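Observations on the model geometry
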Amino acid sequence: MTDGNSEKRLGLLASQALGGRLSRRRFIESAMALGITAPAALGLWSSRVEAATPKQGGRFRVGLDDGNTTDNMDPATYNSRFMITLAHTQRNFLTEIAPDNTVTGELAESWDVTPDARKWTLKLRKGVEFHDGKSFDASDAAASLNYHRAESSKSAAKSLLETVTDIRADGKDTLVIELSSGSADLPYLLTDYHLVMLPADGEGKVRWDGKSGTGGYRVDKFQPGVSASLTRFPNYWKEGRAHFDEVQYFAIPDVSARQTGITTNELDAMIECDFKTVHLLEKVPNVAVDEVPTGTFVSLPMQMDVAPFDNPDLRLALKYAIDREATVKKVLNGHGSIGNDHPISPIMPFYDAGLEQRPYDPDKAKFHLKKSGLQGLKLSLSAADVVITGGLDLAVLYAETAKQAGVDIQVVREPNDGYWSDVWLKKPFCLAGWGQRPTPDIIFTLGFAPGAPWNDSHFKQDRFDALLIQARAELDNNKRASMYAEMQRILRDEGSVVIPFFRNWIYARRANVAHEAKLTANWPLDGARGAERWWFA
């Protein structure tokens, strides 16, 4: 038997053992029958079966990067990765992104849709409890979504639900969502991190305090910008999830401090490794590093209704003035792929691989700068490392390459704390970061639709706006692909955002922290669900 065949048979034996179809003794006997020695067979049982079998218990300590003193439990206000991670630990959604990056049901077991994609009927799980003992039902689901639709709502998810005309309970276990125009991606949309399920108060409103979750862990203590402590909810409805007894999250904005914590065993996992030193971290005994390609991107939005960014030639000059390959090499240390000034990455559905890549071209930048009539202009670019590890380095590198193109950019170093509340959406030219969304419609709607609260570049273009509505309702994927390709071209050529790259998620854990083979790509730490999905081996 060849080595390749032996390895394949050993993999099959491990799968059978993990599925409960093969005992430890039988596994070892079968492995020895393939020519493996007894000590080696015991080692394989430990590494492939025992370590991969989830065990319950322990305190899971995690270092997160961008907690803010302004953070709170109101899901309408979520915008930091600390709160995104906490939300996926404390609360549930109607749907979730699975480890294979497809959408699956969470509190919604199944759904049906009319042929025009304008009416969705969701069947909800029974027997689900909130942490205060209240049973979850369709009235809670309706109130949770309608909370973001209220006229006075400041939620970023309000734009996602703009075409919704009615959300109502049909009995305790059925939720009906009706829209003014079709939405083929509604199950994906419902995974947005704002749209957690909360308890209704009986009058159509919701309660969002610390005990208002249905997730695997309930919050015991929360200090905004500092930490959160949680314990396992004994009545959690998901089998085979939430293995830890306790979870602790710490806001540690300094990446060196996080990496020190993971190497000295003060942390069990950490978000966002340093791109420049992660190769050294990989050599540390008892530390494992995970890297996941994503559609997460860093951008430089220019508010196109604010001078001088209302000038299309200036925007083109700024797009030609950035050396994208240099940013991937020097800021990401190669852990990513170059962007093309639109938010659809190569791993996302409907990515247009035929769209010509914009190069770094100082001569074209000078041409458009001269055409704009704004030669000699000085621009202020606000930036902070909270956006991405090395965010300030990115801004400085951009200023250097832009200078060669005749563009004078002054980098303004902003404080990490409060960046998302005081700088982003406020300053007309700044560094921003966007997590991967599962479909083009969601990221286009959140970040580029007219009037969307998070349209950070104030982008508006009539053809783009019309295509957004048409593509959302189109069930023919070939037609949708054509529409989304045109939208990507519009943003590249007429948009008001520079997108230099898509970055990989790189995070670390102690080697005794185990997880399944596939990791969800939409957020770090396995789609922000490490506390729910991982365990101590």
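Just above, that's the structure.
Let us look at the structure shown here. Predicted, not measured: the structure shown is a model, and the values here were computed from it.

How each quantity is defined
- Residues numbered from 1 in each chain as written.
- Predicted model: local features only at pLDDT ≥ 70, side-chain atom pairs only at ≥ 80, totals over all residues.
- Heavy atoms only, no water.
- Salt bridge = Lys/Arg side-chain N within 4 Å of Asp/Glu carboxyl O.
- Helix = DSSP H or I, 4+ residues; strand = E, 2+ residues; numbered from the N terminus.
- Buried < 20%, exposed > 50% of the residue type's maximum accessible area, 1.4 Å probe, protein only.
- Polar contact = N/O pair within 3.5 Å; in protein donor to acceptor, adjacent residues only side chain to side chain.
- Contact = heavy atoms within 4.5 Å.
- Pairing = 2+ DSSP bridges.
- Axes fitted to C-alpha atoms, helices over the stretch in contact; angles between N-to-C directions.

1. Looking at the pattern of salt bridges
Counting across every chain of the model gives 36 salt bridges. Note that Arg358 and Asp341 form a salt bridge whose closest N and O atoms lie 2.9 Å from each other. In this pair, Arg358 sits in the loop between β14 (336-338) and α11 (362-372) while Asp341 sits in the loop between β14 and α11, placing the two residues 17 residues apart along the sequence. The burial state of Arg358 is the same as that of Asp341; both residues are buried. Where Arg533 meets Asp526, a salt bridge forms, and the shortest distance between an N and an O atom there is 3.1 Å. Each member of the pair, Arg533 together with Asp526, is buried. One network of salt bridges, with partners in common, ties together Glu96, Glu106, Lys238, Asp526, Arg529, Glu532 and Arg533.

2. Regarding the side chain of Asn92
Checked against the element boundaries, Asn92 lands in the loop between α4 (81-90) and β2 (95-97). Within polar-contact distance, the side chain of Asn92 engages the side chain of Glu106 at 2.9 Å. Among all residues touching Asn92, those that are not within four sequence positions of it are Glu106, Leu107, Val196, Met197, Thr214, Gly215, Tyr236, Trp237 and Glu532.

3. A word on the sheet that holds strand β13 (residues 297-301)
Ordered in space as β14-β18-β13-β17, the four strands form an open sheet in which the pairing is antiparallel. Looking at which strands have only one partner, the edges of the open sheet turn out to be β14 and β17 (432-434). Averaged over all neighbouring strand pairs, the angle between strand axes comes to 30°, with direction disregarded.

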